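Each chain is listed here by its residues.
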Amino acid sequence: AVKYCLQKSFPFLLCADDDMFSSAFCEKSEKLINVHLFALAAQYYSLSNLGVCTPLEDVLGALKGDSEGATGIKPDEFMNNKKSHEVLVMSELVDSIANYCGIKQVIDIGSGKGYLSSFLSMQYNLKVYGIDSSSSNTNGAHERNRKLKKHWRAYQSRGKKNLKSQSLEKANDRLVENEINFKTINEELLTNANSLQNQDQMIIQDVVPSCGFTEMGTLETNTETEADLVTGTQSHETKLSEEILAILNVLPADAAEDFSSSHYNCGELCEEEKVQRKMASLKSQARKSSESNLYFPLTSCITAETELSDIITDLEDCMMVGLHTCGDLAANTLRIFTAKPEIKAVCSVGCCYHLLSEQFENQEECHDQVWGFPMCQYLKDKGWCCGRNARMSACLALDRVAVGQMLPTESLFYRAVLQVIIEEIYGVTKSDRHVGKTFSKSSSFIDYVRRSLKKLELDDSKLPDSCIMDYYEKYKHRMDELEAFNMLKVVLAPCIEVLILLDRLCYLKEQENIAWSGLVKLFDPVKSPRCYAVIALKNQSC
């Protein structure tokens, strides 16, 4: 399946032979017999090694051209380091896409608490609608929006002061350099003047016993030397004037006014200064008018059939974004993008692969349902299925494990033994309820089991502590085995993520109205393991 997706998306790639890594498993028992080959195969089929991703720098370069990006204001006062990293990188990309497509409206699907939405609106002056299915998230976003409106002006003012101080520091450095240049010129003038005097004295001494012909020739030479010196001095002064003007263009308007009035009289700068002041005034007015609504948090459940015009009354040409959209929401974002002509671009980073719905997982005929996986026609025709265990593995973070952030083996062991207890004591093999983050709140394995049983609404009174500990002791010696098994799952995780992401990319490649689509690695995978974005732009005629 991965090989097809690669050939469909990137026909120039030559994939490895299907049997290249078959010796990692026993043909008869299908058991793993060569861990080294297994690891090599997993590494080969990871996105970082396949060469199918478009570098972020190339995408930004193609979108921006020669234009410079906005001066960045760090959002680390409003969010943690991980979220700050994600928002900074993704917001720059979203703004570049919006400018390239000539749009000002952005729809943030699964916006949560509105971190990305508010930053896009404040930093890049985009009109953002943040849609989330959780009313508590939307209410939290409203409250956060209110607080941001209160502090944003002061934050901007502080940012401007920092930028101004940086500009002044650069200007001071240039002025020091210019003073050095002036000093050098003065020294050259004095040196050359002294040289001329010495030459004149030598000429007079030499001319006395000789005829006037020699004297005239030497005087002409001296005149040329003086002319060259004057010309060189004027060129130095012209160059310095140009450098000073360049500095004035960098300085803020008020700094430029003080500098020019006290040192130089540059008449041609006045009109430019007026234009700068006018532009600053217009930007200030636009900013003040937009401060009343940084962005618009909305509560709605998004499906593939959602009509955005029913949610957003002033819907116009726009782009859709999603920062870590869970499960089917990432797939539905792409489906809405391809179906709605007013949506010109999409930038989606998915997560929570274990929550994806699979068409062929339960072998149930549901013709009307829209599934999260597979999306592309080839995998549908093949009836391809990953299964929940594989999708759970895709959520693991190999890059974090590689730098020493090991898996929580003990909590995984607790969960595994709990599952045995539930099956053998209560006869439950499947439940819609979840244990959640019970491990961090538990003081012991007994406490963990009892807390979990209450969450699952199972009666723990018929289960004595001794029975619970018996199960713990029975499987305790297999904890190392469990750790080794989970490490193999971590190694395989990137391969399963490749399949899910290439399925989404192939779906976009199958559409006729897409001008360009690709996978782009946005984030540092140690900071943010789900770091790949699916990006697409429609044809301009669409």
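Residues numbered from 1 in each chain as written. Predicted model: local features only at pLDDT ≥ 70, side-chain atom pairs only at ≥ 80, totals over all residues. Heavy atoms only, no water.

An unreviewed UniProt entry lists the protein under the name MET25 protein, from Thryothorus ludovicianus.

Is there a simple way to explain the overall build of the protein in this structure?
For the protein, the count of helices and strands is 19 helices and seven strands. Expressed as a percentage of its 542 residues, the buried residues of the protein come to 40%. Contacts in the protein between residues far apart in sequence, at least 24 positions, make up 73% of those at least 6 positions apart. Accessible surface, the protein as shown: approximately 30,300 Å² in total, 51% of it carbon and sulfur. (Helix = DSSP H or I, 4+ residues; strand = E, 2+ residues; numbered from the N terminus. Buried < 20%, exposed > 50% of the residue type's maximum accessible area, 1.4 Å probe, protein only. Contact = heavy atoms within 4.5 Å. Areas by Shrake-Rupley, 256 points an atom, 1.4 Å probe, with all protein chains shown as cover.)

Help me understand the side chain of His85 in this model?
Checked against the element boundaries, His85 lands in helix H5 (residues 81–101). Using a relative accessible area of 17% as the deciding quantity, one classes His85 as buried. Among all residues touching His85, those that are not within four sequence positions of it are Phe523, Asp524 and Lys527.

Quick question: what am I supposed to make of the pattern of salt bridges here?
For the structure shown, the criterion picks out 13 salt bridges. Between Lys83 and Glu86 there is a salt bridge; the shortest N-O distance is 3.4 Å. Of this pair, Lys83 and Glu86 both sit in helix H5, three residues apart, which is roughly one turn of the helix. With its nearest N and O atoms 2.6 Å apart, the salt bridge here joins Glu358 to Arg391. (Salt bridge = Lys/Arg side-chain N within 4 Å of Asp/Glu carboxyl O.)

Looking at this model, I keep getting lost on the environment of Lys113. Mind explaining?
Position of Lys113 among the secondary structure elements: in the loop between strand E1 (105–109) and helix H6 (115–124). Taking relative accessible area as the criterion, Lys113 reaches 46% and is therefore assigned partly exposed. Between the C-alpha atom of Lys113 and that of Ser134, which follows or precedes it by 21 residues, the distance is 9.8 Å.

What is the right way to look at the side chain of Ser118 in this model?
You can see Ser118 is positioned in helix H6. Given a relative accessible area of 1%, Ser118 falls into the buried group.

What exactly am I supposed to notice about the pairing of strand E2 (residues 127–132) here?
Every regular strand shows the same layout, with side chains that alternate between the two sheet faces. In terms of burial, E2 is a largely internal element, five of the six residues being buried. Pairing of E1 with E2 involves five bridges; the strand directions are parallel. Each bridged residue has a counterpart across the sheet, and for Ile109 the counterpart in E2 is Ile131. Following the backbone out of E1, through H6 and into the adjacent parallel E2, one traces a crossover that is right-handed. (Pairing = 2+ DSSP bridges. Right-handed = clockwise from strand over helix to strand, strands pointing away.)

Is there a simple way to think about the nonpolar core in this case?
A general trend in soluble globular proteins is that nonpolar side chains are found buried together. Formed by 79 residues in total, the largest nonpolar core has its most connected members in Met90, Leu93, Met319, Cys347 and Leu522. In terms of residue count, the dominant contributor to this core is helix H19 (residues 479–509) (eleven residues). Not counting residues up to four positions away in its chain, the partners in contact with Leu93 are Leu56, Val59, Leu60, Leu63, Cys347, Leu522 and Ile535. If you look at the next biggest cluster of nonpolar residues, it comprises 19 residues, including Val417, Leu418, Tyr448 and Ile468. (Core = buried A, V, L, I, M, F, W, Y, C linked by side-chain atoms within 4.5 Å.)

Just checking my understanding: could you explain helix H12 (residues 328–339) for this structure?
Counting along an α-helix, one turn takes 3.6 residues, and residues three or four places apart therefore face a common direction. Here H12 is twelve residues long and its end C-alpha atoms lie 16 Å apart, about the 16 Å a rise of 1.5 Å per residue gives. Of all twelve residues in H12, ten are buried; the element is thus mostly enclosed. (Expected span 1.5 Å × (residues − 1).)

What should I look at first to understand the packing of helix H17 (residues 445–455) against helix H18 (residues 465–475) in this one?
Geometry of a packed helix pair, given as the angle between the helix axes and the separation of the axes. Where H17 contacts H18, the axes come no closer than 10 Å and their chain directions differ by 110 degrees. As summarised for this structure, H17 and H18 are arranged roughly perpendicular, according to the angle between their axes. In this structure, H17 contributes Phe445, Ile446, Val449 and Arg450 to the contact, and H18 contributes Asp465, Ile468, Met469 and Tyr472. Tallied by class, residues from the contact of H17 with H18 come to six nonpolar, no polar and two charged. (Axes fitted to C-alpha atoms, helices over the stretch in contact; angles between N-to-C directions. Parallel < 35°, antiparallel > 145°, perpendicular 65-115°, else oblique. Nonpolar A, V, L, I, M, F, W, Y, C, P; charged D, E, K, R; others polar.)

What should I look at first to understand helix H4 (residues 56–64) in this one?
Those residues of H4 that fall on the buried side of the exposure criterion are Leu56, Val59, Leu60 and Leu63. The buried side chains of H4 occupy one side of the element, clustering within an arc of 95 degrees when seen end-on. Exposed side of H4, more than 90 degrees from the buried face: Glu57 and Ala62 are the residues found there. Packing partners of the buried residues in H4 comprise H5, strand E6 (514–521) and strand E7 (532–538). Just beyond H4, the residue with positive phi is Gly65, at close to 65 degrees. (Arc of directions from axis to C-beta.)

How do you make sense of unusual backbone geometry when you look at a structure like this?
Most peptide bonds are trans, and most residues other than glycine sit at a negative phi. The omega angle of the peptide bond from Phe373 to Pro374 is -5 degrees, so this bond is cis rather than trans. Tracing the backbone through its elements, the reader meets Pro374 in the loop between strand E5 (343–351) and helix H13 (377–382). Non-glycine residue Cys352 carries a positive phi angle of around 50 degrees. With respect to the helices, strands and loops of the structure, Cys352 is situated in the loop between E5 and H13. Phi is positive for Glu457, which is not a glycine, with a value near 60 degrees. Within the secondary structure, Glu457 is located in the loop between H17 and H18.

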